[in-house]
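Listed here are the chains, written in short residue letters.
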Amino acid sequence: MTIQASSNSDSEVSSDSECEDIDEREEYAAKNTNSVEPSTTEVVESSDNHTITNAVPSDNGQAFTEGLLTEALNPTAGRTAVDIRQTSISELRTGPTIIINPREKFDGEQPVTGYPPIDKEILTKKIKQVTEDIRFYYQTNLIVLSPLPWVQLRPFDDDYFAELVIKQISHVGRGEIKARNEFSFKEIFKDLQSNQFRHCILVEGSPGYGKTTLARNIAVDWGRKADYVDKFSLVVFIYCRDLKGRSLEKYVSETFPMVENGDRHVNLKDWFTVRNKILFILDGLDECSPVDAQEINKLLTGKIYTGASILATTRPLGEDTMINHGQFSKNVSIKGFNKEQIEKLIDNHFKEREGMGDMLKQKLFGGNKGYQKLVTCPLLCQLFCLLFEKDEQIPEKVTDVYYRLIQCLIRRERMTDGTLIPEDNLPTVYEQALENFGRVCIEALMKDKFYFTKDEIVKILPDSMKNGHENVIMGFLVKSNVSISRSFFNNKDCYQPLHKTFLEFVAAFYLKSLVNDTEKLKEELRKFQEIEYSSVEQVLLYTVEMLANEAYHILNEVGDIIDLRSAGNLRLLNAAGCCDKNIKALTSVMDLQNVVVKSSLLEIDAWKNICVKSDVIKKLKFDWDPKCDSLKEDKIIEFFDELKENNTSIETIQLHMFHGEIKQRSDPNYELQNKYFEKEVEEFGENIIKCMTKKNLKSFEVDLQIIRLNEESNAEFVESIVAKIVKVFHVMANDISLVELRLNIDLSTKDLNNIVQAITPCKSLRKFSLYRLCSEVEGFQALANLILEGNIRDLEISLNVTKYWRKMTGTIKKKFALGSPGMFSDPMEKLGEEIFEQTLRDSAQNSGFDLDTHNVKANFKADHFIKEIENVLSDDEFNDLEPKTSIIVRNQLQEFRHVNLNSVICPLPVCNGHNGKASGFHCLFNALRDKRCKLERFYLDRCLLNKQAEYLSCLGEVILENKTLNCLKIDNILPEIDEIRIQYAFPFFIGLQHNHRLTSLDLSSFRNITVDNAVFKVFCNSLSQNKTLRTLNLSNWKFELDMNQSTQESTQNFLEGTGLSNLCLEECEFNCRVVSETSSCIIPDIPFLWLKLKNTKLFNNSIKILNIGSIIIKVNEKVLKARDIVQILEFKALVELDVSDAPVILSPISPVLQPVSDEVLISFFDSLRLNMGNCIEILKIVNWKFKLVNMEETVGKLKPLMMSLSKLTTVSLNNVDFIHCRETHGPREPLLLRSLIKYVPKIKQLSILRSELAPDQVPAIVKALKYRVKKNDITLYTKHITQEGLDELLNRLTRSKMTNYQYDNMTGVLSVFHPKAEPILRRMKSMKNMKIPGFHE
């Protein structure tokens, strides 16, 4: 009889178990290992290489079948093959034939067999059994118990465990955040309303706060089938530091216990079909190596195990982390124990010693408040109990806790063999052992290694400690029971610390011993560059806390070696103590140019001491948001008190308060949240008063941003802040030293009125900035009065463009799905139109003016300007120019006086009177023409958001008549109109020839400007006649010009007549047509084009700074770069030239890229030599992409050209690839960089930011630097260049005897200079006692 057992894919087996649809296509061999009687097996290889097994069962047929099925389901068994080809038929016993996984197809029905098929149900049962094995493994191996034989830190008792308090700090997409939302860890998976989304949770916490405890307890609870994790079919617990480059599957296979009687590895892919029911627990995300981070990111982004849930624990991640933490939908923070939990833990620890727990609680909560902070850390809380049990004393510092604990643990360890250790301090031999092991700990932290073999440990121990307890060494190293690779330590005993912080403390204990050995200290600190950041910070915190007032030894060194973040520096100062030497050392290595202080109790003490005891800080920004500590905390209040009374160095302060979406009134938590925030705003206002009245304050900004879910006003909060500002000016207007006031607040008409009236009498205030204005006409009238009656010289205004976003989204949501592109289909200008209409509302019913009289004057002015335009243009460039007063734009009537030049609408600098109606901006502009106006700088930022041509014409007329403004900047949104072209900038240029005051004009934001031939000639004529303008910025403009004689004459007329010293045309686009002189067709011939350029010269003697970086020039569709037109520019006064290319976002092989060839490079430097070689001092050639073939020959030609640039001192080569800049093979020496350093006579500054530099190219650079420093010092700007190249450069400079250098790790500034020779007398003195071998014999 033949039995066929097959996992046919067509067989339909339904299963509701957790492992449905398991892949069954594996081939198994049959081998009877369970039968009592022997049996014979015939294995025959079929024609298609599949195995056919003929087996004769023993008398116990059931045992045979069970054994066969068991082996068939074991993929590790392999195939059983017996060669029987030489065996005769008579020697074989007959029996049933079993075929496992036959591949041949049968016609018709399958043969009838007597054995049941091996189906999904059987496989599912096997997977369920493996799952149960994993559950049992977690219960027995991850339960958080003390590994010490004499200390029971946590009994195996569910009722004992004080649940960790978790605070939710952010949530993306679903659910909601409640103010101060705290919950138990068992509620961490409860917030999802639908099972269609996965959990992706990031748990942050400081060292020792129980992150690993939390993660392990969740795994243990899953093993116990707790309700809150019953939704997960499998929990995969991973120690991130143990990944060590392995995939998740390989990690599980190698570190999870063997299953099925120890014969099979766990295969994670067995659960692939139910991957949405898997929970990955990633412990220690901050300890991932770069390679492991890539594997974790695949999991986070769903590239592997899509739909699986993730819970990760980490110390706070920095901004430079390689983990894609933006994928986490929920961030929670472990805040440690509260008072109730601390008391619960103490009571359980001392439940058998009556009264001792109460004594400890009295010391903790009735004395030093610092104790209360320490015991919120779960680990330290348990250690405090242990230490108090010893002598009823508790230490004040964290490091004292660790030291005394290690002392206590060593004493107890040694007592097991009868050795007594003094109670006061460890003997010297034991402290030396700790220091020696600290050096080993630093090496371990560098390698992310947290396990040690016994041989490694014993090498550094004194003889008295080598034969101690079998499971414990030095009190805190215990025999490891965690899962690691079986071959990792070659099956030797390994030990791990009770907690990672013990390694960090012992490493700090070693560093502390090096303070008197500066060179050794620097050597060890350099190793910290290879250690994960959070560990670096923790080691340094322990070190400086132990050193206290001598911590400046460490603080002086860390700045040049370790790139600590601002908050890390502050924690160091807090831990060390704020003595003068510590503050001086720390502030010398911190970037205190722009200080940001968070409302954080962890940092505020350090900032207070720095602000009071140091005069380094000039500018300070203070931030508060709902994640921060309350402004009503005593320490925060004390910070502002000390800032006001005792600081005189800070001249600029910015107070920033941000609150996300505030709940609607219908929400049950509205009152609670609103009341809390009201108190914060009230205290924020008090801080405003303290800052504004601080001595020597020059600039002050208030930034208040509150997001509402609906159209409810923020007036209740804004009015409170405005009242505080007004109060200060009313009381101390003549006493404060404030020069600049910036308000980023949603100001209404009433608020603006109140502030303006308050600041008008202030004599010191010169600059006033309003960033989110939302006012009617009355508020603008108040601003106009401020210009005329106050002392303001600088006014900056911006409307609150997003004011009515919520209102607009109400209708948009009905049309489009949330988050869809359709939601953003309406142009941005719609938002602007809504807020601009507010400036036209006149609640006060102000009277207008006589429109008829105004129109008579306006018509006269328009006729005058038309005559000027006609004088500039030739007859064939215009027909009869007639002024028009209105035009239809987008089916709307717009009224402004204009002329039509070749189908281009050109507004005239004439106000149309706005139909005699009141207008906020008209009131403001009118004040500028008043003789009482004192304003010198006027900046309109996103203001003219509707009727742009009408109001730009109004402003253009004002510019003609104003006698005080010297700087005008307009940053405005201009509409893109396809059916009509409006030249919005025309009113400014036509009036420039009559303005004799303006020195700076910035119109760089007019992105929809296109200038044609006629308009270009008018512009050139106006600029040539203006004698006061010095700075002109037309970046992002577009020009469409015919390159004929008339255009060239207009250009030359402008360049010869202008007084400009700074011209910026960055990112402009020039579309030019060159027409043949002998035919009417466009000549595309490239030789003709180059000949045309070569014969064209533009002369100028006034421009000192020219920025033509990233411009695009198309001549007859031939693309040119800025560097190509340098040959036509004879600018004899030019000091600074920017011919940078745009950043490359295209393919490197794109034709638009146009890499720099040898010929182009030589031609460029030759043009520099000829046209501006005697004056150019600063050259910017950023983003150039080189494609050099004959580099050595090219350098030979460049040498005399570079040497002729006698005044060039600064070159910027940022974002240049020196590695691949040449096509030829051979040495990759950066010959261009070397030539600049060596041949430019007076080069002093060279910027190579974000450049690619290989280590093997460094020797050539160092050689050039040695040559340079003999003539003068040189500074290289090296931030973000290739790290390997930078490291090699610093190493070679360190070894060089011909150069000295200083490197700022924070800014990337490298100063290289020639070593100063010692005075001859000092050298002779040092040689006095020198013995020369053979000379004195």
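Scroll up a little and you will see the structure.
Analysis parameters
Residues numbered from 1 in each chain as written. Predicted model: local features only at pLDDT ≥ 70, side-chain atom pairs only at ≥ 80, totals over all residues. Heavy atoms only, no water. Helix = DSSP H or I, 4+ residues; strand = E, 2+ residues; numbered from the N terminus. Buried < 20%, exposed > 50% of the residue type's maximum accessible area, 1.4 Å probe, protein only. Areas by Shrake-Rupley, 256 points an atom, 1.4 Å probe, with all protein chains shown as cover. Disulfide = S-S within 2.5 Å. Phe/Tyr/Trp six-rings, centres within 6.5 Å; stacked < 30°, edge-to-face > 60°. Lys NZ or Arg CZ within 6 Å of the ring centre and 35° of its normal. Expected span 1.5 Å × (residues − 1). Pairing = 2+ DSSP bridges. Right-handed = clockwise from strand over helix to strand, strands pointing away. Contact = heavy atoms within 4.5 Å. Axes fitted to C-alpha atoms, helices over the stretch in contact; angles between N-to-C directions. Parallel < 35°, antiparallel > 145°, perpendicular 65-115°, else oblique. Left-handed = near helix turned anticlockwise from the far one by under 90°. Nonpolar A, V, L, I, M, F, W, Y, C, P; charged D, E, K, R; others polar.

> Help me understand the overall build of the protein, please; the structure alone is not making it clear to me.
Along the protein, the regular secondary structure elements total 39 helices and 46 strands. Here the protein holds 1337 residues, and the buried ones make up 53% of them. Carbon and sulfur atoms provide 48% of the accessible area of the protein, an area that totals close to 62,400 Å².

> For this particular structure, what's the right way to read the state of the cysteines?
Every disulfide links exactly two cysteines, by a covalent bond between their sulfur atoms. Following the criterion strictly, the structure yields zero disulfides and no others. No disulfide involves Cys-954; its nearest neighbouring cysteine sulfur is the one of Cys-911, lying 3.6 Å away.

> Before we go on, may I ask you to explain the packing of aromatic side chains in this structure?
To describe a pair of aromatic rings, one takes the distance between the centres and the angle between the planes. If you walk through the whole model with that rule in mind, you get 33 aromatic pairs. Seen in terms of ring centroids, Phe-986 and Phe-1019 are 6.1 Å apart; in terms of plane orientation they differ by 40 degrees. Their pairing is tilted. Separated by 33 residues along the polypeptide, Phe-986 in helix H30 (residues 986–992) and Phe-1019 in helix H31 (residues 1013–1025) bring together distant segments of the chain. Just as Phe-986 is buried, Phe-1019 falls in that class too. Each residue in the set Phe-986, Phe-989, Phe-1016, Phe-1019, Trp-1037, Phe-1039 and Phe-1070 is aromatic and connected to the rest through ring pairs, giving one cluster. Above the face of the Phe-272 ring, Arg-275 is positioned so that its terminal group lies 4.2 Å from the ring centre. Arg-1123 extends its terminal NZ or CZ atom over the ring of Trp-1184, reaching a point 4.9 Å from the ring centre.

> Got a minute to help me understand the side chain of Arg-135 in this structure?
Its place among the elements puts Arg-135 in helix H2 (residues 120–141). Look at Arg-135 and you get buried, because its relative accessible area is 9%.

> Can you walk me through helix H3 (residues 211–223) in this structure?
Since there are 3.6 residues in each turn of an α-helix, residues three or four apart along the chain are aligned in direction. In this model, H3 (13 residues) spans 19 Å end to end at C-alpha, consistent with the 18 Å of a helix rising 1.5 Å per residue. Restricting attention to buried positions, one finds in H3 the residues Lys-211, Leu-214, Ala-215, Arg-216, Asn-217, Ile-218, Ala-219, Val-220, Asp-221, Trp-222 and Gly-223. Two residues or fewer after H3 comes Lys-225, characterised by a positive phi angle close to 65 degrees.

> Looking at this structure, I do not really get the pairing of strand S17 (residues 619–624). What am I missing?
Side chains on a regular strand alternate between the two faces of the sheet. Both strand S16 (residues 595–598) and S17 contribute to a ladder of four bridges, which runs parallel. In the sheet register, Val-595 faces S17, and the bridge partner there is Leu-620. As for the winding sense of the linkage, the β-α-β connection from S16 through helix H19 (residues 604–613) to S17 is right-handed.

> Can you walk me through the pairing of strand S37 (residues 1112–1115) in this structure?
Alternating residues of S37 divide into Ile-1113 and Val-1115, all buried, and Ile-1112 and Lys-1114, none buried. Examined bridge by bridge, strand S34 (residues 1069–1073) and S37 share four bridges and lie parallel to one another. Looking at the pairing, Asn-1071 lines up with Lys-1114 of S37. With three bridges connecting them, S37 and strand S38 (residues 1118–1120) associate as antiparallel partners. By the bridge assignment for S38, Ile-1113 is matched with Leu-1120. Joining the antiparallel neighbours S37 and S38 is a turn of two residues, in which Asn-1116 adopts a positive phi near 50 degrees.

> Would you explain the sheet that holds strand S32 (residues 1038–1042) in this entry?
In a beta sheet, neighbouring strands pair by backbone hydrogen bonds and run either parallel or antiparallel. Spatial ordering of the open sheet is given by S30-S32-S34-S37-S38, a layout of five strands whose pairing is mixed. Sheet topology places strand S30 (1010–1011) and S38 at the edges, where each strand pairs with a single neighbour. In the packing of H31 onto the sheet, the strands contacted are S30 and S32, and the crossing angle to S32 comes to about 105 degrees.

> What am I meant to see in the packing of helix H23 (residues 749–759) against helix H24 (residues 777–789) here?
Relative placement of two packed helices is described by the angle separating their axes and the distance separating the axes. Relative orientation of the contacting elements H23 and H24 amounts to 15 degrees, with a least axis distance of 8 Å. Between H23 and H24, the interaxial angle falls into the category roughly parallel. Between H23 and H24 the crossing geometry is left-handed. Residues Thr-749, Leu-752, Asn-753, Val-756 and Ile-759 of H23 pack against Glu-778, Gly-779, Phe-780, Ala-782, Leu-783 and Leu-786 of H24. Taken together, the residues of the contact of H23 with H24 sort by class into seven nonpolar, three polar and one charged.

These figures come from the coordinates and say nothing about function on their own.
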